[in-house]
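Spelled out from the first residue to the last, the chains are:
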Amino acid sequence: IETHSVAQAGELYFKNLSKRNKQIMEKNGNNRKLRVCVATCNRADYSKLAPIMFGIKTEPEFFELDVVVLGSHLIDDYGNTYRMIEQDDFDINTRLHTIVRGEDEAAMVESVGLALVKLPDVLNRLKPDIMIVHGDRFDALALATSAALMNIRILHIEGGEVSGTIDDSIRHAITKLAHYHVCCTRSAEQHLISMCEDHDRILLAGCPSYDKLLSAKNKDYMSIIRMWLGDDVKSKDYIVALQHPVTTDIKHSIKMFELTLDALISFNKRTLVLFPNIDAGSKEMVRVMRKKGIEHHPNFRAVKHVPFDQFIQLVAHAGCMIGNSSCGVREVGAFGTPVINLGTRQIGRETGENVLHVRDADTQDKILQALHLQFGKQYPCSKIYGDGNAVPRILKFLKSIDLQEPLQKKFCFPPVKENISQDIDHILETLSALAVDLGGTNLRVAIVSMKGEIVKKYTQFNPKTYEERINLILQMCVEAAAEAVKLNCRILGVGISTGGRVNPREGIVLHSTKLIQEWNSVDLRTPLSDTLHLPVWVDNDGNCAALAERKFGQGKGLENFVTLITGTGIGGGIIHQHELIHGSSFCAAELGHLVVSLDGPDCSCGSHGCIEAYASGMALQREAKKLHDEDLLLVEGMSVPKDEAVGALHLIQAAKLGNAKAQSILRTAGTALGLGVVNILHTMNPSLVILSGVLASHYIHIVKDIIRQQALSSVQDVDVVVSDLVDPALLGAASMVLDYTTRRIY
């Protein structure tokens, strides 16, 4: 979705600019090249700046490039990374030694001061028209300060983002000094506008490093893996670790690094550990590495620097990346590689679903558990930060700069209402999800808050044809999204609960139940995301019920539990080690089709003797009709109007009024369900079984009796409870949105 926004915004922006470009070139002088100074401070910012530098170099008729190198590029302890700039065939106009050694807070301040002393001579000599500055490092702040005070235009790359440390303050300070802004995401663009920056000087281009990332994975990666990790290492069977100090809490970040190394040693996988950056606390982290013998440990390879092209291949084919580097939450998402983000250093950034946040990484066991959860998984590739076309957009943007425009930047302050006090509840939006429940009879859409409150619900009959159904879903969601604005609810995404087998990775209904017609091989994600411009998640209704219990119900905080839905059919969901189990072909937790009798009644799945054939609403309705046809259903105090179909509720009513045959049918149905639960206990050994749905309260006592009679003694203490959630399907659909858009937290 974000990629689509980037592309769309870029096209719209340059349609408006294209009319101006010729006039601007004539105004600046046809033979006048734009003199661009690119200043790079470290290996990380060079990976973002290099694609722009290559682009500038390919258009010598428009641009003149000057390269200034400073900061940790020129320090041996950090790999002398200026050499990779030379290897890329760039002429380095100036090398500035600006780092004051000491790696503490005072040394960082002194380094900024030293850079401010040295930069004026360089800028006076080069006289650039524009300086390109990247990111949020203290070196970059010195660059931006020098250029602004010397009346040199500044183009800031990656402004508007939020990470969660002192870097935010530095990044936003550079934003206020910069004249032009290139941002990577729609949220960053909105942040810049909120900071009163001129919208006409903001370009939503995407991250320049993605131009290289998205074309990199098909190269010969095994030779790179072997070079850095050894000949015996396989793809997806190693870890990349990159952890930096947090300058606002150095002691805690060093302790966290120590725990991380202990967890990696225990996890016993080959690991490539990169040295931390030059921030205060880095020396102490290196001492921790040496104290634990990481550089000589057979499972570890400790390195100061890996060239970016090779680093891309290493993270793309890793079993997991761990640490607190922005690379983990930004670039690695392009490959779907699992990431464990430790601590608060990147907690504010937008991430794909491949990132698991461990905010309080205060024990080795917690980090080790996260490794077990993430290692070896493959997530959908995320393009939140770019679509691979950032550099062409940035070059067009540079060409559109009018050097005759006044240098003094303008701030676009919003109008301020005077003397109006507002209640805080009206100022703060309620973070919410649109939840959709596709049932056999009804189609329901709801606005669900972060706390699980259903703010508003809409219900329509579920149409019989695909075309009518998809149009009604779109119509109801658009109406609900519009209503959400009036209700002060910020919709983060759409979650859909539907019957049948679902591929949640692609958002496709593979095969539906017989209750929902024309619903096979249906892509639900694309039409909804295209219409609403929101992320969309889709899953089976049984899985959604389990997710609802995990977030809002009796499964909250439990590591392992099973949910069984007793409704028109019988479904379920399994939570194991806090994760929902989908299975290799997305067919896990089809609990209604556990066979409990070899010669039982026919089931809708084509088999016979399934739980669903005994205990579902359809099965009870079938038995109720048989009794009614034989005049054996109704007892004194009961009646069924002629225009009303006989159903499961009539059977339950008859049983309550003493109908022995109805009681026998319900006892058989409860026994079948109980035997299924016994099989689940013996197979999964969960800590809790939750019965959900309209029939749950009628079965609970029989199920518990069967467990006492049939289950092994070791599982008889497992609790079986009735769900207290009113709308598990809607709440589960909402939880997919609320868990992932606000990032998973372990």
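Here, every reference points to the structure presented above.
Residues numbered from 1 in each chain as written. Predicted model: local features only at pLDDT ≥ 70, side-chain atom pairs only at ≥ 80, totals over all residues. Heavy atoms only, no water.

Caption draft 1: Spotlight on the packing of aromatic side chains. Under the counting rule described, the total for this entry stands at six aromatic pairs. Seen from their ring centres, F54 and F90 are 4.8 Å apart, and the 50° between their planes marks the pair as tilted. You can see F54 sitting in helix 2 (residues 43-57) and its partner F90 sitting in the loop between helix 3 (82-87) and strand 3 (92-96), a full 36 residues away along the chain. Residue F54 is classed as partly exposed on the basis of its relative accessible area, which comes to 32%. For the pair F62 and F63, a centre-to-centre distance of 6.4 Å together with 55° between the ring planes defines the contact as tilted. By relative accessible area, F62 is classed as partly exposed at 26%. Over the aromatic face of F90 sits the side chain of K57, whose NZ or CZ is 5.0 Å from the ring centroid. (Phe/Tyr/Trp six-rings, centres within 6.5 Å; stacked < 30°, edge-to-face > 60°. Helix = DSSP H or I, 4+ residues; strand = E, 2+ residues; numbered from the N terminus. Buried < 20%, exposed > 50% of the residue type's maximum accessible area, 1.4 Å probe, protein only. Lys NZ or Arg CZ within 6 Å of the ring centre and 35° of its normal.)

Caption draft 2: Structural detail: the sheet that holds strand 23 (residues 570-576). On the basis of which strands lie adjacent, the open sheet formed by five strands has the order 24-23-22-25-26 and mixed pairing. In this open sheet, the two edge strands, each paired with only one partner strand, are strand 24 (579-580) and strand 26 (719-722). Here strand 22 (residues 561-566) pairs with strand 25 (residues 688-692) via four bridges, running parallel. What sits directly across from V562, in strand 25, is V689. (Pairing = 2+ DSSP bridges.)

Caption draft 3: Structural context of unusual backbone geometry. Its identity as a non-glycine residue notwithstanding, N80 has a phi of 45°, on the positive side. Positionally, N80 belongs in the loop between strand 2 (63-70) and helix 3. Judged by relative accessible area, which is 9%, N80 ranks as buried. In this structure, C196 is a non-glycine residue whose phi angle is positive, near 75°. Within the secondary structure layout, C196 lies in the loop between helix 7 (186-194) and strand 7 (202-204).

Caption draft 4: Representation of helix 9 (residues 222-229) within the structure. Those residues of helix 9 that sit buried are M222, I224, I225, W228 and L229. Each buried residue of helix 9 lies within a common arc of 160° when the element is viewed along its axis, so the set occupies one face. For helix 9, the secondary structure elements touched by its buried residues are strand 8 (238-242), strand 9 (270-274), strand 10 (300-303) and helix 12 (308-316). (Arc of directions from axis to C-beta. Contact = heavy atoms within 4.5 Å.)

Caption draft 5: Examining empty space enclosed by the protein more closely. The full count for this structure, using the stated rule, is 10 cavities of 30 Å³ or more. Taken as a whole, the largest cavity encloses approximately 630 Å³ of empty space. If you list the elements that add at least two residues to the lining of the largest cavity, you get helix 2, helix 12 and helix 13 (326-329). Element by element, the count of residues in the lining of the largest cavity is highest for helix 2, at six residues. In terms of residue class, the lining of the largest cavity is built from 14 nonpolar, 12 polar and 12 charged. Viewed by domain, the lining of the largest cavity spans two of them, domain 1 (29-207) and domain 2 (216-374), each represented by three or more residues. (1 Å grid on protein atoms, 1.4 Å probe; cavity = no way out; pocket = protein on both sides within 12 Å on 5 of 7 lines; lining within 4 Å. Points joined across faces, edges and corners; volume = space filled by probe spheres on them. Nonpolar A, V, L, I, M, F, W, Y, C, P; charged D, E, K, R; others polar. Domains from an automatic or database assignment.)

Caption draft 6: Looking closely at the sheet that holds strand 1 (residues 34-40). Spatial ordering of the open sheet is given by 3-2-1-4-5-6-7, a layout of seven strands whose pairing is parallel. Each having just a single partner strand, strand 3 and strand 7 make up the two edges of the open sheet. Taken over all neighbouring pairs, the strand axes of this sheet differ in orientation by 20° on average, direction set aside. One ladder, built from three bridges, connects strand 5 (residues 153-157) with strand 6 (residues 180-183); its direction is parallel. By the bridge assignment, L155 is partnered in strand 6 with Y180. Set on the sheet, helix 5 (residues 138-149) makes contact with strand 1, strand 2, strand 4 (130-134) and strand 5; between it and strand 4 the angle comes to about 160°. (Axes fitted to C-alpha atoms, helices over the stretch in contact; angles between N-to-C directions.)

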